[in-house]
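# Architecture at a glance
The residues making up each chain are set out below.
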Amino acid sequence: MSTLAPQPTRRVAVLGGARVPFARSDGPYATASNQEMLTAALDGLVERHGLQDPGAVGEFVAGAVLKHSRDFNLARETVLGSALDPRTPAYDIQQACGTGLQAVIAAANKIALGQTESAIAGGADTASDAPLGVNDRLRRILLEARRAKSAGARLKALAGIRPGHLVPDIPRNAEPRTGLSMGEHAAVTARAWGITREEQDALAAASHQRLAAAYERGLFQDLVVPFRGLARDQNLRPGSTVEKLAALKPVFGLDAPGPTMTAGNSTPLTDGAATVLLASEEWAEARGLEPLAHLTAFETAAVDFVGGDVAGGEDGLLMAPAYAVPRMLERAGLGIEDFDLVEIHEAFASQVLATLAAWEKRGLAPVGRARLNVAGSSLATGHPFAATGARIVATLATLLAEREGPGRGLISVCAAGGQGVTAILERT
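Below: a short report on this structure. (Residues numbered from 1 in each chain as written. Predicted model: local features only at pLDDT ≥ 70, side-chain atom pairs only at ≥ 80, totals over all residues. Heavy atoms only, no water.)

## Focus on the nonpolar core
Definition in use: To form a nonpolar core, buried Ala, Val, Leu, Ile, Met, Phe, Trp, Tyr and Cys residues must be joined to one another through side-chain atoms within 4.5 Å. Buried means the residue's accessible area, taken with a 1.4 Å probe over protein chains only, is under 20% of the maximum for its type, while exposed means over 50%, and partly exposed covers the values in between. Any pair of residues with heavy atoms lying within 4.5 Å of one another is described as a contacting pair.
Among the nonpolar cores identified, the biggest contains 46 residues, and L101, L278, I411 and L425 are the most heavily contacted of them. When sequence neighbours within four positions are dropped, the list of residues in contact with I411 reads L101, E343, I392, V393, L396, V421, T422, A423 and L425. In this structure, A18, A23, L277 and A284 belong to the second largest nonpolar core, which totals 36 residues.

Set out below in C-alpha coordinates:
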(Lines give C-alpha, C1' and ligand atoms only; values in the text may rest on other atoms or scores of the structure.)
Protein backbone atom coordinates (compact mmCIF):
# COMPACT_ATOMS: atom_id res chain seq x y z
CA MET A 1 0.00 0.00 0.00
CA SER A 2 1.52 3.28 -1.10
CA THR A 3 0.91 6.68 0.42
CA LEU A 4 1.37 10.08 -1.11
CA ALA A 5 4.27 12.03 0.30
CA PRO A 6 3.30 15.43 1.70
CA GLN A 7 3.97 18.20 -0.75
CA PRO A 8 5.95 21.27 0.32
CA THR A 9 3.91 24.43 0.52
CA ARG A 10 4.61 27.34 -1.81
CA ARG A 11 5.10 30.99 -0.98
CA VAL A 12 2.02 33.14 -1.54
CA ALA A 13 2.57 36.55 -3.08
CA VAL A 14 0.39 39.61 -2.52
CA LEU A 15 0.37 41.37 -5.90
CA GLY A 16 -2.00 44.27 -5.39
CA GLY A 17 -5.36 45.44 -4.19
CA ALA A 18 -8.27 47.64 -5.15
CA ARG A 19 -11.08 49.13 -3.12
CA VAL A 20 -13.71 51.78 -3.43
CA PRO A 21 -13.36 54.79 -1.11
CA PHE A 22 -15.19 54.03 2.11
CA ALA A 23 -18.26 56.16 2.85
CA ARG A 24 -20.23 56.92 5.98
CA SER A 25 -23.52 55.06 6.12
CA ASP A 26 -26.58 56.77 4.64
CA GLY A 27 -24.28 58.92 2.51
CA PRO A 28 -23.06 58.60 -1.10
CA TYR A 29 -23.50 54.81 -1.13
CA ALA A 30 -26.89 54.76 0.55
CA THR A 31 -28.46 52.97 -2.43
CA ALA A 32 -25.43 50.86 -3.38
CA SER A 33 -25.67 47.13 -2.72
CA ASN A 34 -22.91 44.86 -1.47
CA GLN A 35 -22.69 43.38 -4.95
CA GLU A 36 -22.43 46.76 -6.68
CA MET A 37 -19.61 47.95 -4.40
CA LEU A 38 -17.75 44.64 -4.54
CA THR A 39 -18.05 44.54 -8.33
CA ALA A 40 -16.57 48.05 -8.58
CA ALA A 41 -13.62 47.04 -6.42
CA LEU A 42 -13.12 43.79 -8.36
CA ASP A 43 -13.28 45.54 -11.72
CA GLY A 44 -10.67 48.02 -10.53
CA LEU A 45 -8.35 45.14 -9.66
CA VAL A 46 -9.01 43.34 -12.95
CA GLU A 47 -8.29 46.46 -15.00
CA ARG A 48 -5.12 47.47 -13.15
CA HIS A 49 -3.57 44.01 -13.36
CA GLY A 50 -4.84 42.90 -16.78
CA LEU A 51 -6.95 39.99 -15.58
CA GLN A 52 -9.65 40.04 -18.27
CA ASP A 53 -8.44 37.03 -20.26
CA PRO A 54 -10.09 33.60 -19.94
CA GLY A 55 -8.98 31.65 -16.90
CA ALA A 56 -6.78 34.48 -15.66
CA VAL A 57 -7.71 33.95 -12.00
CA GLY A 58 -8.26 30.59 -10.36
CA GLU A 59 -10.84 31.61 -7.77
CA PHE A 60 -12.66 34.49 -6.08
CA VAL A 61 -13.53 34.34 -2.38
CA ALA A 62 -15.32 37.15 -0.57
CA GLY A 63 -18.07 37.84 1.89
CA ALA A 64 -20.28 40.31 3.70
CA VAL A 65 -21.50 40.51 7.28
CA LEU A 66 -24.81 42.31 6.66
CA LYS A 67 -26.35 40.22 3.88
CA HIS A 68 -29.73 40.30 2.19
CA SER A 69 -31.23 37.01 1.04
CA ARG A 70 -30.29 38.12 -2.47
CA ASP A 71 -26.64 38.04 -1.37
CA PHE A 72 -26.70 34.29 -0.67
CA ASN A 73 -24.20 33.76 -3.53
CA LEU A 74 -22.53 37.18 -3.34
CA ALA A 75 -19.04 36.24 -4.57
CA ARG A 76 -20.26 34.30 -7.58
CA GLU A 77 -22.83 36.92 -8.58
CA THR A 78 -20.11 39.56 -8.29
CA VAL A 79 -17.92 37.62 -10.70
CA LEU A 80 -20.79 37.30 -13.17
CA GLY A 81 -21.33 41.06 -13.09
CA SER A 82 -17.65 41.94 -13.41
CA ALA A 83 -14.96 42.02 -16.09
CA LEU A 84 -13.48 38.80 -14.67
CA ASP A 85 -13.94 35.61 -16.72
CA PRO A 86 -17.46 34.31 -15.88
CA ARG A 87 -15.97 30.81 -15.67
CA THR A 88 -14.09 31.84 -12.50
CA PRO A 89 -15.32 29.81 -9.48
CA ALA A 90 -16.33 31.81 -6.41
CA TYR A 91 -17.64 31.25 -2.91
CA ASP A 92 -18.67 33.24 0.17
CA ILE A 93 -17.04 33.34 3.59
CA GLN A 94 -18.00 35.19 6.80
CA GLN A 95 -16.31 35.75 10.15
CA ALA A 96 -17.70 39.13 11.20
CA CYS A 97 -15.02 41.85 11.06
CA GLY A 98 -12.39 39.21 10.28
CA THR A 99 -14.12 38.24 7.02
CA GLY A 100 -11.78 40.06 4.65
CA LEU A 101 -8.63 38.65 6.26
CA GLN A 102 -10.13 35.16 6.47
CA ALA A 103 -10.93 35.38 2.75
CA VAL A 104 -7.28 36.19 2.10
CA ILE A 105 -6.18 33.24 4.26
CA ALA A 106 -8.59 30.84 2.53
CA ALA A 107 -7.32 31.87 -0.91
CA ALA A 108 -3.68 31.75 0.22
CA ASN A 109 -4.04 28.22 1.58
CA LYS A 110 -5.14 26.88 -1.81
CA ILE A 111 -2.26 28.63 -3.54
CA ALA A 112 0.24 27.37 -0.95
CA LEU A 113 -1.00 23.80 -1.43
CA GLY A 114 -0.82 24.02 -5.21
CA GLN A 115 -4.60 23.72 -5.66
CA THR A 116 -4.72 26.97 -7.62
CA GLU A 117 -2.16 29.40 -9.01
CA SER A 118 -3.99 32.64 -8.30
CA ALA A 119 -6.99 33.97 -6.43
CA ILE A 120 -8.73 37.21 -5.49
CA ALA A 121 -10.04 37.71 -1.96
CA GLY A 122 -12.14 40.47 -0.49
CA GLY A 123 -15.31 41.64 1.12
CA ALA A 124 -18.03 44.28 1.15
CA ASP A 125 -20.53 45.68 3.60
CA THR A 126 -23.19 48.34 3.60
CA ALA A 127 -24.62 49.65 6.83
CA SER A 128 -26.92 51.89 4.76
CA ASP A 129 -28.70 49.01 3.03
CA ALA A 130 -28.88 46.68 6.01
CA PRO A 131 -31.44 43.87 5.59
CA LEU A 132 -34.76 44.26 7.37
CA GLY A 133 -36.23 41.01 8.61
CA VAL A 134 -39.90 40.12 8.69
CA ASN A 135 -41.35 40.46 12.17
CA ASP A 136 -41.12 36.97 13.69
CA ARG A 137 -44.81 36.89 14.59
CA LEU A 138 -45.74 37.82 11.01
CA ARG A 139 -43.33 35.20 9.69
CA ARG A 140 -45.05 32.48 11.74
CA ILE A 141 -48.45 33.51 10.42
CA LEU A 142 -47.25 33.52 6.81
CA LEU A 143 -45.71 30.06 7.25
CA GLU A 144 -48.95 28.82 8.78
CA ALA A 145 -50.86 30.20 5.79
CA ARG A 146 -48.46 28.50 3.40
CA ARG A 147 -48.98 25.15 5.13
CA ALA A 148 -52.77 25.51 5.09
CA LYS A 149 -54.60 22.80 3.12
CA SER A 150 -57.55 24.94 2.01
CA ALA A 151 -58.37 28.51 1.06
CA GLY A 152 -60.50 28.86 4.19
CA ALA A 153 -57.65 27.76 6.45
CA ARG A 154 -55.29 30.11 4.65
CA LEU A 155 -57.63 33.06 5.14
CA LYS A 156 -58.11 32.15 8.79
CA ALA A 157 -54.35 32.25 9.35
CA LEU A 158 -53.94 35.55 7.52
CA ALA A 159 -56.80 37.06 9.51
CA GLY A 160 -54.49 36.90 12.55
CA ILE A 161 -52.22 39.61 11.17
CA ARG A 162 -52.24 42.76 13.31
CA PRO A 163 -50.66 46.21 12.62
CA GLY A 164 -47.89 45.49 15.14
CA HIS A 165 -46.85 42.47 13.10
CA LEU A 166 -45.83 44.76 10.23
CA VAL A 167 -43.01 46.34 12.21
CA PRO A 168 -39.77 44.91 10.70
CA ASP A 169 -36.90 43.39 12.63
CA ILE A 170 -33.98 45.79 12.25
CA PRO A 171 -30.42 44.45 12.68
CA ARG A 172 -28.97 45.46 16.04
CA ASN A 173 -25.34 46.26 16.74
CA ALA A 174 -25.40 44.00 19.76
CA GLU A 175 -24.02 40.62 20.74
CA PRO A 176 -26.84 38.05 20.94
CA ARG A 177 -25.30 36.44 24.04
CA THR A 178 -25.05 39.64 26.07
CA GLY A 179 -27.33 42.20 24.45
CA LEU A 180 -24.50 44.75 24.65
CA SER A 181 -23.27 46.68 21.64
CA MET A 182 -19.67 46.36 20.55
CA GLY A 183 -19.05 49.87 21.87
CA GLU A 184 -20.41 48.98 25.30
CA HIS A 185 -18.23 45.88 25.39
CA ALA A 186 -15.22 47.99 24.41
CA ALA A 187 -16.02 50.45 27.21
CA VAL A 188 -15.86 47.62 29.77
CA THR A 189 -12.46 46.60 28.41
CA ALA A 190 -11.22 50.20 28.39
CA ARG A 191 -12.04 50.54 32.09
CA ALA A 192 -10.39 47.21 32.90
CA TRP A 193 -7.13 48.24 31.24
CA GLY A 194 -7.21 51.85 32.47
CA ILE A 195 -7.24 53.34 28.97
CA THR A 196 -7.51 57.13 29.20
CA ARG A 197 -9.52 59.53 27.08
CA GLU A 198 -6.36 61.44 26.16
CA GLU A 199 -4.65 58.29 24.82
CA GLN A 200 -7.68 57.42 22.73
CA ASP A 201 -8.03 60.88 21.21
CA ALA A 202 -4.33 61.00 20.39
CA LEU A 203 -4.57 57.69 18.55
CA ALA A 204 -7.67 58.81 16.64
CA ALA A 205 -6.14 62.14 15.61
CA ALA A 206 -2.99 60.38 14.42
CA SER A 207 -5.08 57.98 12.31
CA HIS A 208 -6.70 60.85 10.42
CA GLN A 209 -3.48 62.79 10.02
CA ARG A 210 -1.57 59.76 8.77
CA LEU A 211 -4.28 58.72 6.32
CA ALA A 212 -4.39 62.26 4.92
CA ALA A 213 -0.61 62.27 4.51
CA ALA A 214 -0.74 58.87 2.77
CA TYR A 215 -3.26 60.17 0.25
CA GLU A 216 -1.17 63.28 -0.36
CA ARG A 217 1.96 61.28 -1.15
CA GLY A 218 0.09 58.98 -3.53
CA LEU A 219 0.11 55.75 -1.50
CA PHE A 220 -3.41 54.88 -2.62
CA GLN A 221 -3.00 55.78 -6.28
CA ASP A 222 -3.13 52.10 -7.30
CA LEU A 223 -5.33 50.93 -4.43
CA VAL A 224 -8.44 53.13 -4.48
CA VAL A 225 -10.99 53.13 -7.33
CA PRO A 226 -13.26 56.22 -7.55
CA PHE A 227 -16.90 55.30 -6.99
CA ARG A 228 -20.13 57.32 -6.92
CA GLY A 229 -18.35 60.65 -6.80
CA LEU A 230 -15.83 59.75 -4.10
CA ALA A 231 -12.07 59.53 -4.68
CA ARG A 232 -11.08 59.45 -0.99
CA ASP A 233 -12.54 57.96 2.15
CA GLN A 234 -15.42 60.17 3.21
CA ASN A 235 -14.77 59.79 6.92
CA LEU A 236 -11.27 61.27 6.63
CA ARG A 237 -10.80 64.49 8.62
CA PRO A 238 -7.32 65.85 7.73
CA GLY A 239 -7.63 68.63 10.28
CA SER A 240 -8.43 66.30 13.16
CA THR A 241 -6.59 67.17 16.39
CA VAL A 242 -6.60 66.01 19.98
CA GLU A 243 -8.09 69.38 20.97
CA LYS A 244 -11.03 69.01 18.57
CA LEU A 245 -11.69 65.43 19.62
CA ALA A 246 -11.58 66.42 23.29
CA ALA A 247 -14.72 68.53 22.75
CA LEU A 248 -16.87 65.51 21.86
CA LYS A 249 -19.17 63.94 24.42
CA PRO A 250 -18.80 60.26 25.40
CA VAL A 251 -21.28 57.89 23.76
CA PHE A 252 -20.29 54.50 25.26
CA GLY A 253 -19.78 53.42 28.87
CA LEU A 254 -22.22 55.97 30.24
CA ASP A 255 -23.33 53.52 32.92
CA ALA A 256 -20.08 54.05 34.85
CA PRO A 257 -18.14 57.11 36.07
CA GLY A 258 -15.63 58.75 33.73
CA PRO A 259 -16.70 57.45 30.30
CA THR A 260 -13.99 57.94 27.67
CA MET A 261 -15.32 56.64 24.36
CA THR A 262 -16.73 59.14 21.86
CA ALA A 263 -17.85 59.13 18.24
CA GLY A 264 -14.44 60.57 17.42
CA ASN A 265 -12.36 57.75 18.91
CA SER A 266 -14.75 55.04 17.71
CA THR A 267 -15.23 53.77 14.17
CA PRO A 268 -18.37 55.01 12.36
CA LEU A 269 -20.83 52.80 10.50
CA THR A 270 -19.46 52.58 6.98
CA ASP A 271 -20.15 51.32 3.44
CA GLY A 272 -17.44 49.95 1.14
CA ALA A 273 -15.66 47.04 -0.54
CA ALA A 274 -12.07 45.87 -1.01
CA THR A 275 -10.18 43.16 -2.93
CA VAL A 276 -6.66 41.65 -2.95
CA LEU A 277 -4.82 39.70 -5.67
CA LEU A 278 -2.81 36.68 -4.46
CA ALA A 279 -0.75 34.20 -6.48
CA SER A 280 2.13 31.78 -6.61
CA GLU A 281 5.50 33.26 -7.49
CA GLU A 282 5.49 31.31 -10.76
CA TRP A 283 2.13 32.76 -11.82
CA ALA A 284 3.27 36.28 -10.94
CA GLU A 285 6.50 35.90 -12.89
CA ALA A 286 4.68 34.54 -15.95
CA ARG A 287 2.45 37.62 -16.01
CA GLY A 288 5.24 40.08 -15.28
CA LEU A 289 3.85 41.11 -11.90
CA GLU A 290 6.18 42.02 -9.03
CA PRO A 291 5.09 40.73 -5.60
CA LEU A 292 4.57 43.49 -3.06
CA ALA A 293 5.02 41.06 -0.17
CA HIS A 294 4.35 37.47 0.84
CA LEU A 295 1.80 36.12 3.29
CA THR A 296 3.86 33.87 5.56
CA ALA A 297 1.78 33.10 8.66
CA PHE A 298 -1.66 33.54 10.17
CA GLU A 299 -3.53 32.64 13.34
CA THR A 300 -7.05 32.90 14.71
CA ALA A 301 -8.30 32.90 18.29
CA ALA A 302 -11.46 33.36 20.32
CA VAL A 303 -12.24 34.41 23.88
CA ASP A 304 -15.07 33.59 26.28
CA PHE A 305 -16.54 37.08 26.43
CA VAL A 306 -19.67 35.77 28.14
CA GLY A 307 -18.36 33.73 31.06
CA GLY A 308 -14.64 34.49 31.02
CA ASP A 309 -12.59 37.18 32.73
CA VAL A 310 -14.44 40.08 31.14
CA ALA A 311 -14.30 42.56 34.03
CA GLY A 312 -10.58 41.94 34.34
CA GLY A 313 -10.08 42.72 30.67
CA GLU A 314 -8.56 39.38 29.68
CA ASP A 315 -11.60 38.09 27.81
CA GLY A 316 -13.17 41.29 26.53
CA LEU A 317 -15.19 40.96 23.33
CA LEU A 318 -12.40 42.39 21.14
CA MET A 319 -9.39 40.89 22.92
CA ALA A 320 -8.85 37.68 20.93
CA PRO A 321 -5.82 39.13 19.06
CA ALA A 322 -4.10 39.36 22.45
CA TYR A 323 -3.99 35.55 22.34
CA ALA A 324 -3.66 34.97 18.59
CA VAL A 325 -0.59 37.16 18.02
CA PRO A 326 1.65 35.66 20.77
CA ARG A 327 0.78 32.16 19.52
CA MET A 328 1.54 33.11 15.92
CA LEU A 329 4.84 34.77 16.83
CA GLU A 330 5.94 31.79 18.91
CA ARG A 331 5.20 29.45 16.03
CA ALA A 332 7.08 31.72 13.61
CA GLY A 333 10.01 32.21 15.99
CA LEU A 334 9.56 35.99 15.97
CA GLY A 335 9.06 38.82 18.43
CA ILE A 336 7.24 42.12 18.03
CA GLU A 337 10.63 43.79 17.71
CA ASP A 338 11.13 41.87 14.44
CA PHE A 339 8.37 43.84 12.70
CA ASP A 340 8.91 47.08 10.83
CA LEU A 341 5.18 47.82 10.62
CA VAL A 342 2.22 46.83 12.78
CA GLU A 343 -1.37 47.15 11.54
CA ILE A 344 -4.09 46.88 14.18
CA HIS A 345 -7.67 47.32 13.02
CA GLU A 346 -9.03 50.35 14.85
CA ALA A 347 -12.55 49.28 15.76
CA PHE A 348 -12.10 51.64 18.72
CA ALA A 349 -9.03 53.53 19.87
CA SER A 350 -9.49 51.98 23.32
CA GLN A 351 -9.44 48.47 21.83
CA VAL A 352 -6.12 49.14 20.04
CA LEU A 353 -4.56 50.44 23.24
CA ALA A 354 -5.90 47.55 25.31
CA THR A 355 -4.50 45.07 22.78
CA LEU A 356 -1.07 46.71 22.95
CA ALA A 357 -1.15 46.57 26.75
CA ALA A 358 -2.20 42.90 26.69
CA TRP A 359 0.66 42.00 24.34
CA GLU A 360 3.13 43.58 26.73
CA LYS A 361 1.55 41.73 29.65
CA ARG A 362 2.11 38.52 27.74
CA GLY A 363 5.79 39.30 27.34
CA LEU A 364 5.91 40.96 23.93
CA ALA A 365 7.98 44.09 23.42
CA PRO A 366 6.22 47.49 23.26
CA VAL A 367 5.07 48.68 19.83
CA GLY A 368 6.42 52.14 19.09
CA ARG A 369 3.84 54.52 17.63
CA ALA A 370 6.18 55.26 14.71
CA ARG A 371 5.48 51.82 13.26
CA LEU A 372 1.81 51.45 14.28
CA ASN A 373 -0.83 52.11 11.58
CA VAL A 374 1.56 54.42 9.74
CA ALA A 375 -0.96 55.22 6.99
CA GLY A 376 -3.95 55.52 9.31
CA SER A 377 -6.55 52.83 9.83
CA SER A 378 -10.23 52.25 10.51
CA LEU A 379 -10.81 55.30 12.72
CA ALA A 380 -9.99 57.42 9.67
CA THR A 381 -11.01 55.21 6.75
CA GLY A 382 -14.15 53.83 8.32
CA HIS A 383 -14.95 50.15 8.72
CA PRO A 384 -17.20 48.29 6.26
CA PHE A 385 -17.02 45.08 8.28
CA ALA A 386 -16.06 42.45 5.69
CA ALA A 387 -13.90 44.83 3.64
CA THR A 388 -11.46 45.90 6.35
CA GLY A 389 -9.17 42.85 6.28
CA ALA A 390 -8.62 43.11 2.53
CA ARG A 391 -7.99 46.84 2.87
CA ILE A 392 -5.33 46.26 5.51
CA VAL A 393 -3.56 43.47 3.57
CA ALA A 394 -3.30 45.56 0.40
CA THR A 395 -2.22 48.69 2.26
CA LEU A 396 0.42 46.90 4.36
CA ALA A 397 1.84 45.08 1.33
CA THR A 398 2.13 48.40 -0.49
CA LEU A 399 3.82 50.02 2.50
CA LEU A 400 6.34 47.19 2.68
CA ALA A 401 7.03 47.43 -1.06
CA GLU A 402 7.85 51.13 -0.93
CA ARG A 403 10.53 50.58 1.73
CA GLU A 404 14.10 49.90 0.71
CA GLY A 405 15.14 46.33 1.40
CA PRO A 406 13.41 43.54 3.31
CA GLY A 407 10.56 44.24 5.72
CA ARG A 408 8.00 42.50 7.85
CA GLY A 409 4.49 43.55 8.84
CA LEU A 410 1.99 42.29 11.43
CA ILE A 411 -1.80 42.37 10.99
CA SER A 412 -4.27 42.14 13.89
CA VAL A 413 -8.04 42.22 13.41
CA CYS A 414 -10.60 41.84 16.20
CA ALA A 415 -14.09 40.60 15.37
CA ALA A 416 -17.57 40.27 16.82
CA GLY A 417 -18.28 37.08 18.73
CA GLY A 418 -15.04 37.41 20.67
CA GLN A 419 -12.82 36.40 17.74
CA GLY A 420 -9.53 37.57 16.26
CA VAL A 421 -7.72 37.01 12.95
CA THR A 422 -4.02 37.83 12.59
CA ALA A 423 -1.36 37.44 9.90
CA ILE A 424 2.22 38.21 8.89
CA LEU A 425 3.39 39.76 5.62
CA GLU A 426 7.06 39.74 4.62
CA ARG A 427 9.10 41.27 1.84
CA THR A 428 12.50 39.73 1.16
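That covers the picture; the talk isn't over yet.
## Quick word on unusual backbone geometry
Counted only if it meets this: In this description a helix means any DSSP run of H or I spanning at least four residues, a strand means any run of E spanning at least two, and both kinds are numbered starting from the N terminus.
Of note in the backbone geometry, A96 takes a positive phi value of approximately 50° without being a glycine. Residue class for A96 comes out buried when judged on its relative accessible area of 12%. Residues other than glycine seldom take positive phi values, yet N373 does so here, at roughly 45°. Positionally, N373 belongs in the loop between α11 (349-361) and α12 (378-381).

## Here we look at helix α7 (residues 197-216)
Heads up, the condition is: By this rule the span expected of a helix is its residue count minus one, scaled by 1.5 Å.
Between the first and last C-alpha of α7 there are 29 Å, a value that for 20 residues agrees with the 28 Å anticipated at 1.5 Å per step. What α7 keeps buried is the set R197, Q200, D201, L203, A204, A205, S207, H208, L211, A212, A214 and Y215. A positive backbone phi angle near 85° is found at G218, which sits one or two residues after α7.

## Examining the pattern of salt bridges
Just so we agree on the cut-off: Counted as salt bridges are all cases of a side-chain nitrogen of Lys or Arg within 4 Å of a carboxyl oxygen of Asp or Glu.
Under the criterion given, the structure shown has 18 salt bridges. One salt bridge connects E117 with R10, and the closest N-O pair in it is separated by 2.9 Å. Taken as a pair, E117 in the loop between α3 (99-112) and β5 (118-125) and R10 in the segment before β1 (12-19) lie far apart in primary sequence, 107 residues in all. Judged by relative accessible area, E117 falls into the partly exposed class, the value being 33%. Judged by relative accessible area, R10 falls into the partly exposed class, the value being 24%. Two residues, K361 and E314, come together in a salt bridge whose shortest N-O distance is 2.6 Å. Here the residue K361 occupies a position in helix α11, and E314 occupies one in the loop between β9 (293-302) and α10 (321-332), the gap between them amounting to 47 residues. One network of salt bridges, with partners in common, ties together E299, R327 and R331.

## With respect to helix α1 (residues 34-49)
Over its 16 residues, α1 runs 23 Å from end to end, which matches the ideal 22 Å to within 8%, given 1.5 Å per residue. Turning to α1, its buried residues number three or more, namely N34, M37, L38, T39, A40, A41, L42, G44, L45, V46 and H49. For α1, the elements touching its buried residues are β1, β3 (60-63), α2 (74-80), β5 and β8 (270-280). One or two steps after α1, the chain reaches G50, where phi turns positive at roughly 60°.

## Digging into the packing of helix α4 (residues 136-147) against helix α5 (residues 151-158)
Operational definition: Between N-to-C directions, angles span 0 to 180 degrees; the directions come from axes that are lines fitted to C-alpha atoms, helices contributing only their stretch in contact. The cut-offs work like this: below 35 degrees is roughly parallel, past 145 is roughly antiparallel, 65 to 115 is roughly perpendicular, and the gaps in between are oblique. The nonpolar class holds Ala, Val, Leu, Ile, Met, Phe, Trp, Tyr, Cys and Pro. Asp, Glu, Lys and Arg form the charged class, and all remaining residues, Gly among them, are polar.
α5 packs onto α4 with a crossing angle of 175° between their chain directions and a minimal axis gap of 8 Å. As far as their axial angle goes, α5 and α4 are roughly antiparallel. The segment α4 lies against α5, with I141, L142, E144 and A145 engaging R154, A157 and L158. Along the lines of polarity and charge, the residues of the contact of α4 with α5 split into five nonpolar, no polar and two charged.

## What to know about the state of the cysteines
For clarity, the cut-off: Defined by distance alone, a disulfide is two cysteine sulfur atoms within 2.5 Å.
For the structure shown, the criterion picks out zero disulfides. Looking at C97, it has no disulfide partner, and the nearest cysteine sulfur is the one in C414, 6.4 Å off. Using a relative accessible area of 5% as the deciding quantity, one classes C97 as buried. According to the relative accessible area criterion, C414 is buried, its value standing at 2%.

## Structural notes on the side chain of N34
What counts here: Pairing of N or O atoms within 3.5 Å defines a polar contact, subject to two protein rules: one partner must be a possible hydrogen donor and the other a possible acceptor, and residues neighboring in sequence count only if both atoms are side-chain atoms.
Among the structural elements, N34 can be located in helix α1. Taking the relative accessible area as the measure of exposure, N34 reaches 1% and is therefore buried. There is a polar contact of 3.1 Å between the side chain of N34 and the backbone nitrogen of T126. Leaving out residues up to four positions away in the same chain, N34 has contacts with A64, L66, K67, D71, L74, A124, D125 and T126.

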